[in-house]
Amino acid sequence: MLIKLLQRELLRHWRCRQDLINPLIFFILTVSLFPLAVTPDGQLLGQIGSGIIWVAALLAAMLSLESMYRDDYHDGTLELLLLQSGSSYTVVMAKIISHWLTTGLPLVIISPLLAVMMQISSEGITALMLTLLIGTPVLSLIGSVGMGLTVGLRQGGVLLSLLVLPLYIPILIFGASAVSAAAMGMDYSGQLAFMGAFLLGSISLVPLASVAAIRVSIR
Amino acid sequence: MNWQWFHRLSSPKWFYQISGSLLPWFWGISLILIVAGLYQGLYNSVIDYQQGSTVRIMYLHVPTAFASMMFYVVMAVAAAIGYIWRIKLAHMAAVSAAPVGAAMTLLALVTGSLWGKPIWNTWWVWDARLTSELILLFLYLGFMSLHQAFEDREVGDRAAGVLAMVGVINVPIIHFSVEWWNTLHQGATISKFEKPSMDPSMLIALLLMIFAVILFCSAVMMYRMRNEVLSREQSKSWVKEVIGQ
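Residues numbered from 1 in each chain as written. Chains lettered and ligands numbered in written order. Predicted model: local features only at pLDDT ≥ 70, side-chain atom pairs only at ≥ 80, totals over all residues.

**Student:** Give a description of the overall build of chain A that names residues and reports values.
**Tutor:** Scanning chain A from N- to C-terminus turns up nine helices and zero strands. Traced from its N-terminal end to its C-terminal end, chain A shows the element sequence α-α-α-α-α-α-α-α-α. Taking 219 residues into account, the globule formula puts the C-alpha radius of gyration at 17 Å, and chain A, at 18 Å, falls close to it. By principal-axis analysis of the C-alpha atoms, chain A measures approximately 55 × 35 × 30 Å. Counting only residues that meet the buried cut, chain A has 47% of its 219 residues in that class. Considering only intrachain contacts with a sequence separation of at least 6, the fraction spanning at least 24 residues in chain A is 81%. (Helix = DSSP H or I, 4+ residues; strand = E, 2+ residues; numbered from the N terminus. Rg over C-alpha atoms; globule rule 2.2 N^0.38 Å. Buried ≥ 20, exposed ≤ 12 C-beta atoms within 10 Å, placed from the backbone. Contact = placed C-beta atoms within 7 Å.)

Given below as structure tokens:
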């Protein structure tokens, strides 16, 4: 069942490819604004680059949450899916996994390019990819709760950022600090372990909250 | 087991009656405690040998910071009770607790920055406690605006309730990650397990103010709840009787 739902989700994403590309363009554009605004000086960029890339990834992941539920909610598909699939947990899980595959994973893949542009050292790049790989699923998971709560609202977008961004803070702190530690040649396994703990904790707990959230919105 | 008492406890009408007789006591005692606490704090307590009289900001800062966290837990527990057992009164409590907690968070931040200016020579530092207090304010604002965004109040109750429950699990995580990230704020001075490291006259003032602020917040919350009860139950006959008086 999960596989079938996942196939459907991925097909849906594939058919509106613009939604796939937009978060990536946003990600690249936001990061490239910073050297223009702050300084093109390579040494400073190397220091603040990890934070900038992480913040941009956070925002890109948040902005792409819309595509998770909105269309399916408005044409009634979501209601039918929840009614017919027998388990709302599976539906929500398929939505989260497909959201990560279509936005989180591309962010991870494109991040080394941006890291090179921001003059981050090669150790830093490895750390950046690793932390994004562990961190972006958490972003999709937590984001699904916020999106589930706001999907039925007209002015949901602004509200979504108010709900979701405070909850993203721990992942941002550990992700960005792991990268800057790695860039300075220090050990960052502690931060990675914390992020792994966040990932496991949120995989086990967040889908339940997400189901509750989407049930509130559907009724 | 007999659950009748539980359902009676959760009836808005019963709450309205009992809170009506309790409220004057809450107002009165909190007012007395505030006057006593402020007198003890502002005139009768010793001053810190390093900070001088600026230390007296503490008598407002610590109680409001304490209340800001306490009312988040109150709100989340009430929201969870309302969500799980579908008790309307609990949702009303959660909704009424949020603005009180948000106000206390704001007060703690403002008094904190007023205190920080003479002592740390800056209005704001990105220190762990300050940051997590700021995030707490955002969580409160998120709860309140999510609740207001729904036209149907009961859907709003349930949605905001889910958010409050997710938030309360996250608060310790946010707190510890921020703490690990950066800390400048002094550690907690009052602890249950150790002898407090401050002068008795300061401790008395501080404890008085903590109780005063908590009681005052509870009174405000109760007052808001009574309003909430009246506005939600306005079609019921007992409310019409109350208003018609």
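Moving on from the model shown.
**Student:** Give a description of the overall build of chain B that names residues and reports values.
**Tutor:** Secondary structure summary: chain B contains eight helices and zero strands in total. Listing the helices and strands of chain B from first to last along the sequence gives α-α-α-α-α-α-α-α. Dimensions of chain B along its principal axes, counting C-alpha atoms only, are 60 × 40 × 35 Å. A buried classification covers 39% of the 245 residues belonging to chain B. Put simply, of all contacts in chain B between residues at least 6 apart along the chain, 78% involve residues at least 24 apart.

**Student:** Can you lay out the interface of chain A and chain B for me, pointing to particular residues and giving the numbers?
**Tutor:** How big an interface is tends to be expressed through the accessible area that disappears when the partners come together. Each side of the interface is counted separately: chain A has 19 residues, and chain B has 21 residues. Those elements giving two or more residues to the side of chain A that touches chain B turn out to be α7 (122-150), α8 (156-183) and α9 (189-218) of chain A. The element contributing the most residues to the side of chain A that touches chain B is α8(A), with 10 residues. Per-class residue counts for the side of chain A that touches chain B are 16 nonpolar, two polar and one charged. (Nonpolar A, V, L, I, M, F, W, Y, C, P; charged D, E, K, R; others polar.)

**Student:** Would you mind going over the packing of α8(A) against helix α5 (residues 128-149) of chain B in detail, with residue names and values included?
**Tutor:** In contact at an axis separation of 9 Å, α8(A) and α5(B) are set at 150° when each is read in the N-to-C sense. Relative to α5(B), α8(A) is oriented roughly antiparallel. Here α8(A) runs over α5(B); the crossing is left-handed. Across the interface between the two elements, Leu159(A), Leu162(A), Leu163(A), Pro166(A) and Ile169(A) of α8(A) pack against Ile135(B), Phe138(B), Leu139(B), Leu141(B), Gly142(B), Ser145(B), Leu146(B) and Ala149(B) of α5(B). Grouping the constituent residues of the contact of α8(A) with α5(B) by class yields 11 nonpolar, two polar and no charged. (Axes fitted to C-alpha atoms, helices over the stretch in contact; angles between N-to-C directions. Parallel < 35°, antiparallel > 145°, perpendicular 65-115°, else oblique. Left-handed = near helix turned anticlockwise from the far one by under 90°.)

**Student:** Help me get a handle on the environment of Ile174(B), residues and values and all.
**Tutor:** All names here are of chain B. Among the secondary structure elements, isoleucine 174 is positioned in helix α6 (residues 153-181). Among the residues examined, isoleucine 174 registers 21 C-beta atoms within 10 Å and is labelled buried. Taking the C-alpha atoms as reference, isoleucine 174 lies 29 Å from arginine 153; in sequence the two are 21 residues apart.

**Student:** Describe helix α2 (residues 12-44) of chain B, and please don't skip the residues or the numbers.
**Tutor:** All names here are of chain B. By the largest-angle criterion, leucine 22 marks the main kink of α2, which is about 35°, and a proline, proline 24, follows within four residues. Three or more residues of α2 are buried, namely Pro12, Phe15, Ser30, Leu33, Gly37, Gln40 and Gly41. Against the buried residues of α2 lie α3 (58-85), α4 (88-120) and α7 (200-232). (Bend = angle between axes of the 7 residues up to and from the residue.)

**Student:** Report on the environment of Gly76(A), specifying residues and quantitative values.
**Tutor:** Residue and element names in this part refer to chain A. With respect to the element layout, glycine 76 can be found in the loop between α4 (66-74) and α5 (77-84). Residue classification places glycine 76 among the exposed positions, given that 9 C-beta atoms sit within 10 Å. It is 21 Å that separates the C-alpha atoms of glycine 76 and isoleucine 3, two residues lying 73 residues apart in sequence.

**Student:** So what's going on with unusual backbone geometry? Residues and values would help.
**Tutor:** Residues other than glycine seldom take positive phi values, yet Gln119(A) does so here, at roughly 60°. Positionally, Gln119(A) belongs in the loop between α6 (88-117) and α7. Phi at Asn121(B) is positive, roughly 65°, even though this residue is not glycine. When the 8 C-beta atoms within 10 Å are taken as the criterion, Asn121(B) is described as exposed.

**Student:** Explain the confidence of the model for chain B to me, using residue names and the numbers behind them.
**Tutor:** A residue-level look at chain B finds 92% of positions with pLDDT of 70 or above and a mean pLDDT of 85. Reported confidences for the modelled complex are a pTM of 0.88 and an ipTM of 0.87. (pLDDT = per-residue confidence, 0-100.)

**Student:** So, α8(A): which residues are in play, and what are the values?
**Tutor:** Residues and elements named next belong to chain A. Under the 1.5 Å per step criterion, the end-to-end length of α8 is 38 Å for 28 residues, consistent within 8% with the ideal 40 Å. Along α8, the helix axis deviates most sharply at isoleucine 169, where the bend reaches about 40°; the proline proline 170 sits within four residues downstream. Within α8, 20 of the 28 residues are buried, which leaves the element mostly enclosed by the surrounding structure. (Expected span 1.5 Å × (residues − 1).)

**Student:** Lay out the packing of α4(B) against α6(B) with the relevant residues and their values.
**Tutor:** Residue and element names in this part refer to chain B. Closest axis-to-axis distance for the α4/α6 pair is 11 Å, and the angle between their directions is 65°. The two elements α4 and α6 cross, and the hand of that crossing is left-handed. On α6, the residues that touch His91, Ala94 and Val95 of α4 are Asp157, Gly161 and Ala164. Broken down by class, the residue content of the contact of α4 with α6 amounts to three nonpolar, two polar and one charged.

**Student:** Which residues make up the nonpolar core, and what are the values?
**Tutor:** Ile53(A), Ala57(A), Met75(B), Ala94(B), Ala97(B), Val162(B) and Leu163(B) are the most contacted members of the largest nonpolar core, which has 128 residues in total. Residue contributions to this core peak at 16 residues, all from α7(B). Those residues in contact with Ala94(B), other than ones at most four positions away along the chain, are Met75(B), Ala78(B), Ala79(B), Gly82(B), Gly161(B) and Ala164(B). (Core = buried A, V, L, I, M, F, W, Y, C linked by C-beta atoms within 7 Å.)

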